[in-house]
Amino acid sequence: SHESLIRQWGRLKGWVENEAEKVELYQRLVKAAQRQKDDQGELWHGTDLALGLDWQRDTKPDAIWAKRYPIDKENKFELAQDFLQASETEEIAQREAEQARQKETLARVRRQFMYAFVGLLIAAALAGWGFIERQRAEKQTAIATEAAEQAKWEKDRAENSEVVRTLELFNADTTHAS
């Protein structure tokens, strides 16, 4: 009658299946802890660790709960808990080390960006200065060319004045002589 009741009672069946899953994970945890203790395995990480921590949070196991199951005949509960704690501690340390590496990489990239940006600003400033100097040189060239043309014009004018004066003197001499 008990078996019939259990088969017909869906809620009890769900509880039994849930407890069986918890025990199965506990067995995996104990075996992994023992292998790691014997230097034949390593701490859990990733998905295994997440499952183990979820199991611990949901089950809230204690030594009394563990003693109900044959796997804990040798009081492996503390070993399993220590293993899970060590796995979590190492996972956190690895995560922090990875974050530190990422921060260092980000800092290095930021420094490189700043150096490139400063270099770009210097290049832009030099290009601007070069442009201004080129404009100034062109202006000075234009002034010098204009001054040279003015000087040539004045020289030509002076020469022409001299020729005109000579012609005037010549004309005056020829008109006086006649």
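Look a little higher up for the structure.
Structural notes, computed from the coordinates. Remember, it's a predicted structure, so these values are computed and weren't measured experimentally. (Residues numbered from 1 in each chain as written. Predicted model: local features only at pLDDT ≥ 70, side-chain atom pairs only at ≥ 80, totals over all residues. Heavy atoms only, no water.)

1. Overview of helix α2 (residues 10-37)
- With 28 residues, α2 ought to run about 40 Å at 1.5 Å a step, and its terminal C-alpha atoms sit 40 Å apart, in line with that.
- Within the span of α2, buried status applies to Leu12, Lys22, Val23, Leu25, Tyr26, Leu29, Val30, Ala32, Ala33 and Gln34.
- Looking one or two places after α2, you find aspartate 39, whose phi comes out positive at around 60°. (Helix = DSSP H or I, 4+ residues; strand = E, 2+ residues; numbered from the N terminus. Expected span 1.5 Å × (residues − 1). Buried < 20%, exposed > 50% of the residue type's maximum accessible area, 1.4 Å probe, protein only.)

2. A word on the side chain of lysine 76
- By the element assignment, lysine 76 lies in the loop between α4 (63-67) and α5 (77-177).
- Ignoring anything within four residues of it in the chain, the contact list for lysine 76 reads Tyr26, Val30, Gln34 and Ile71. (Contact = heavy atoms within 4.5 Å.)

3. Observations concerning the environment of alanine 137
- Following the sequence through the fold, alanine 137 ends up in helix α5.
- In this structure alanine 137 comes out as partly exposed when scored by relative accessible area, which is 40%.

4. As for the packing of α2 against helix α3 (residues 46-59)
- Two elements in contact, α2 and α3, have axes whose closest approach is 11 Å; the angle formed by their N-to-C orientations is 125°. When the axes of α2 and α3 are compared, the pair comes out oblique. Between α2 and α3 the crossing geometry is left-handed. Residues Lys22, Leu25, Tyr26, Arg28 and Leu29 of α2 form the contact with α3, whose participating residues are Asp48, Leu51, Gly52, Trp55, Asp58 and Thr59.
- Looking at the contact of α2 with α3 residue by residue, the class counts come to 5 nonpolar, 2 polar and 4 charged. (Axes fitted to C-alpha atoms, helices over the stretch in contact; angles between N-to-C directions. Parallel < 35°, antiparallel > 145°, perpendicular 65-115°, else oblique. Left-handed = near helix turned anticlockwise from the far one by under 90°. Nonpolar A, V, L, I, M, F, W, Y, C, P; charged D, E, K, R; others polar.)

5. Details of unusual backbone geometry
- One non-glycine residue with positive phi stands out, namely aspartate 39, at about 60°.
- Inspection of the secondary structure assignment puts aspartate 39 in the loop between α2 and α3.
- For aspartate 39, a relative accessible area of 71% corresponds to the exposed category.
- The residue lysine 60 is not glycine, and still its phi comes out positive at about 50°.

6. Remarks on a nonpolar patch on the surface
- A contiguous nonpolar surface patch, about 950 Å² in accessible area, is contributed by Phe113, Met114, Phe117, Val118, Leu120, Leu121, Ile122, Leu126 and Trp129.
- When you line up the elements, phenylalanine 117 lands in helix α5.
- We classify phenylalanine 117 as partly exposed; its relative accessible area is 36%. (Patch = residues over 30% accessible without salt bridge, like charges linked within 9 Å, V, L, I, M, F, W, Y side chains within 5 Å. Areas by Shrake-Rupley, 256 points an atom, 1.4 Å probe, with all protein chains shown as cover. Salt bridge = Lys/Arg side-chain N within 4 Å of Asp/Glu carboxyl O.)

7. Quick look at the pattern of salt bridges
- Applying the stated criterion across every chain, the model contains 7 salt bridges.
- The closest approach of N and O atoms between arginine 101 and glutamate 98, which form a salt bridge, is 2.6 Å. In this pair, arginine 101 and glutamate 98 both sit in helix α5, 3 residues apart, roughly one turn of the helix.
- The salt bridge partner of arginine 134 is glutamate 138, with a shortest N-O separation of 3.2 Å. In this pair, arginine 134 and glutamate 138 both sit in helix α5, 4 residues apart, roughly one turn of the helix.
- Through salt bridges that share partners, Asp54, Arg57 and Asp58 make up one connected network.

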